[in-house]
Each structure stands twice: as C-alpha cells, then as structure tokens.
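# Summary of the model geometry
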Amino acid sequence: MSNLQTALESGRFAITAEMAPPKGCDFSHQMAMLELLRGKVDAVNVTDFQSASLKASSLGMCIKIKQAGLDPILQMTGRDRSRMAIQGDFLDAAAFGIDTLLALTGDHTTVGDCKESKPVFDLDSVGILRAAGCLEAGFDCGGNQLAGDPPVFYKGACVTPVYDPVELQLMKMKKKIEAGAKFFQTQGVYETESMKPFKELADKYGVYLMAGIIPLKTAGMAKYMNASVPGISIPDALIDRLKASMNNGIEGLEDEKAIKKLKAKNQKEEGVKIAAELIAKFKEEGLVHGVHIMAIGAEELVPQIIEQAGL
C-alpha cells in the first residue's frame, strides 16, 4: 500500500509535493531537492512533460525516487502515448514498485516546446484510469491475459474548482470516480469556498480531495497566472499583500541591485506565508483531506510552508 493511500485512509492530513524531471539526463538537482522533502511529505508527484515541454520522463524520475527510498506518484498523460504504450509504462512502473498513479489528459503540443510533435490523445484521463483498471483485472488493452500476478495501483485524477459552470467539473469528477479514481488533486486554489461542492462529492463516494497549493513568488507572477492560466483565480487582496511586502526593510538602501534583490526576497517570503495560512485554513475547516504543493522549481520552499502551516 502506498504512503499516500495509508495517510488518506487513516484520516491523517496528507501532504504531497510536485517535482519536474530535468530537461536533460542529470538528476542531481532533483535528488538534492528530494532530500529536503524526505520525511516531510507522503509522496512526490512527478510531472509528465508538463505544459507539453520535453523533459526526462515521469517514469524515469519515479524510478529514481523509489530507489532513493521515497514514494513517487507517476503522472500519466494521454497526449504522447497510445493505450498500448500507457499500459506498458504502467507495467514497468509496477515492476519497480511504483503503485500510485495520477491520470491526466495533457496539454496540446501546440503550447509546448516541440510544436511539430504529433499528439496522440488515444485516451483521456478517464480512459487512462480504465486502462490501469484493466491491468489490475489481469488483462491488457486487447483482452489478452497478463502473465503472473496483476499489478495493483492507487489511482488519482485532477479537478478544477474555479470553473464556470462548476457543474461540468463535478460531472467529470464523478466519471473519474466511476473509472477508478480514489483521490483527487486540484488546480491551484487561493480561497476555500470553491472547494465545498467537491468535498461533498468526495465524501459521498468515499474518495479523497487534496487542494493544490502554488506558492506565489511575486505580485507579477500572481497577475500573470490570473490572466493566463485557466482555472486560476487569485484574490486581489493576496496580490496587494505581495505588493505591500516588497518595501519591508528597504529604507536607507541606495544600491538598486540590493533593493531589487530584497524586494524579490520579501515577496517570496510573503508567498510562503500565504500558502501556509491557506493550508492551515483548509485543514481547520475540514474542506480537504490533504494538500498538494506545487512549488514550480522552488522545492526548497516546501519544508518552510509545511512548518509555517503547523503540519
């Protein structure tokens, strides 16, 4: 049984962190970041060609994480693989003891850095969940029986709480539950109210909900996300907090580089506080069963966020 499954089913507030593989074959930075997460998170969720950009595969890094003694979550998108390739990767994962999966449809290749790559989209997230369930039943996508004991997976999927109409996301969540999803992580959220209908649906079907937490590094980042990232809505009050934090301690400084550096540091620290406060509020109000922290290349912030949240 995976660490995440154990945490969620025991009623403990679960914590996962997200990490991207390198754009190359040197995993040394990722392995150093993993050591900062050791003992602080239940699992590390590895992105699969996030934003349709080429990097080392999720499976390769999950194997590295497993060999380092931590628990990985294998992300699987339908953009780049046929159902046969997806099931083959799942079998490889099981052979290395990787038993937690997150099914995603995936962004189109036109938004990525290899725009001439042909998208596959043989299966969407629901189809990927079903493909994993097929293997668990002992058969491949052609109905052929697998050799030996079938794999066992703890399967998850995603939802987007800030969505209009929200009923469409709730319908999609229900389909994913019916396809075998046992846990859900959300797109980054910055207020608690939008989570209530998803928690009600999760409780109704006995599955688990984890709030996506993206630490804000600057007010500019927050504005960009509001304008450009679907499903993200950052309240003006939080952006104002980041702006207000910039000038802490700059009085008397004259060096422009030092001022710029301090403003960036102040905003990053305020972003950590905001993330920690949000996590604490989610836990206090009982609106989620855990959190998924997406630090986007700043994994060194995750331990600070966890500590400040009182977890």
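All residue numbers here refer to positions counted from 1 along the written sequence of the relevant chain. Reporting in this predicted model follows two pLDDT cut-offs: at least 70 for local features of residues, and 80 or more for side-chain atom pairs to be given and counted; totals over whole chains, interfaces and linings ignore these cut-offs and use all residues. The side-chain figures draw on all heavy atoms in the structure; neither hydrogens nor water molecules are used.

### Some remarks on the pairing of strand β5 (residues 154-159)
To sort residues, take the accessible area from a 1.4 Å probe on protein chains only and compare it with the maximum for the residue type: under 20% means buried, over 50% means exposed, and anything in between is partly exposed. Strands here mean DSSP runs of E at least two residues long; helices mean DSSP runs of H or I at least four residues long; both are numbered from the N terminus. For β5, a buried count of six out of six residues is recorded, marking the element as mostly surrounded by other parts of the structure. Both faces of β5 are covered, namely the face carrying Tyr154, Gly156 and Cys158 and the face carrying Lys155, Ala157 and Val159. Direction of pairing for strand β4 (residues 100-104) relative to β5: parallel, over a ladder of three bridges. Residue pairing for β5: Thr100 is matched across the bridge by Tyr154. Pairing between strands is defined by DSSP: at least two bridges between them are needed.

### Concerning the confidence of the model for the protein chain
In this model, the protein chain carries an average pLDDT of 93, and 99% of its residues clear a pLDDT of 70 or more. The pLDDT score gives, residue by residue, the confidence of the prediction method on a 0 to 100 scale. Confidence, expressed as mean pLDDT per element, reaches its minimum in the protein chain at helix α8 (residues 219-228) with 89 and its maximum at helix α5 (residues 125-136) with 98.

### With respect to the packing of aromatic side chains
Aromatic ring pairs are reported here in terms of the distance separating the ring centres and the angle at which the planes meet. Each Phe, Tyr or Trp ring, with Trp reduced to its six-membered ring, pairs with another whose centre is within 6.5 Å; inter-plane angles below 30 degrees give stacked pairs, above 60 give edge-to-face pairs, and intermediate values give tilted ones. This model, assessed by the stated rule, comprises two aromatic pairs. Their ring planes at 50 degrees and their centres at 5.6 Å tell us that Phe90 and Phe153 sit as a pair that is tilted. You can see Phe90 sitting in helix α4 (residues 83-95) and its partner Phe153 sitting in the loop between α5 and β5, a full 63 residues away along the chain. On the basis of relative accessible area, Phe153 is assigned to the buried category, the value being 7%. Positioned above the aromatic ring of Phe13, the side-chain terminus of Lys283 is 5.9 Å from the ring centre. Either the NZ atom of lysine or the CZ atom of arginine qualifies as a charge over a ring when it sits within 6 Å of the ring centre and within 35 degrees of the ring normal.

### Describing the pattern of salt bridges
By salt bridge we mean one thing: a side-chain nitrogen of Lys or Arg within 4 Å of a carboxyl oxygen of Asp or Glu. Summed over all chains, the structure comprises 15 salt bridges. For Arg81, the salt bridge identified is with Asp48, shortest N-O distance 2.9 Å. Of this pair, Arg81 sits in the loop between β3 (72-77) and α4 while Asp48 sits in the loop between β2 (43-46) and α3 (58-67); the two residues are 33 residues apart in sequence, bridging distant segments of the chain. For the pair Arg81 and Asp48, a shared accessibility class is recorded, and that class is buried. Connected via shared salt-bridge partners are Asp48, Arg81 and Asp89.

### Concerning the sheet that holds β3
Ordered by their spatial adjacency, eight strands build a closed barrel running β1-β2-β3-β4-β5-β6-β7-β8, and the pairing between neighbours is parallel. Between one strand axis and the next, the sheet turns through 25 degrees on average, direction left out of account. In this structure, strand β1 (residues 14-19) lies alongside β2, joined through four bridges in parallel fashion. Looking across to β2, one finds that Thr16 is bridged to Ala43. It only takes one pair of heavy atoms within 4.5 Å for two residues to be counted as in contact. Angular values range over 0 to 180 degrees, each being the angle between N-to-C directions of two axes fitted as lines to C-alpha atoms, with helices fitted over their stretch in contact. Packing against the sheet, helix α2 (residues 28-37) makes contact with β1 and β2, and its axis sits at approximately 165 degrees to β1. Where helix α6 (residues 166-178) meets the sheet, it contacts β5 and β6 (183-188), and its direction lies at approximately 170 degrees from that of β5.

### A short note on the packing of α8 against helix α9 (residues 236-245)
Relative to each other, α8 and α9 sit at 155 degrees, their axes nearing to 8 Å. In terms of orientation, α8 lies roughly antiparallel with respect to α9. As α8 runs across α9, the sense of the crossing is left-handed. Judged by residue contacts, Ala219, Ala222, Lys223 and Asn226 of α8 engage Ile239, Leu242 and Lys243 from α9. Charged means Asp, Glu, Lys or Arg here, nonpolar means Ala, Val, Leu, Ile, Met, Phe, Trp, Tyr, Cys or Pro, and polar covers whatever is left, Gly included. Taken together, the residues of the contact of α8 with α9 break down into four nonpolar, one polar and two charged. Any angle that falls under 35 degrees is termed roughly parallel, while one over 145 is termed roughly antiparallel, one within 65 to 115 roughly perpendicular, and all others oblique. Handedness of a helix crossing follows the sense of rotation of the near helix relative to the far helix, less than a right angle counterclockwise being left-handed and clockwise being right-handed.

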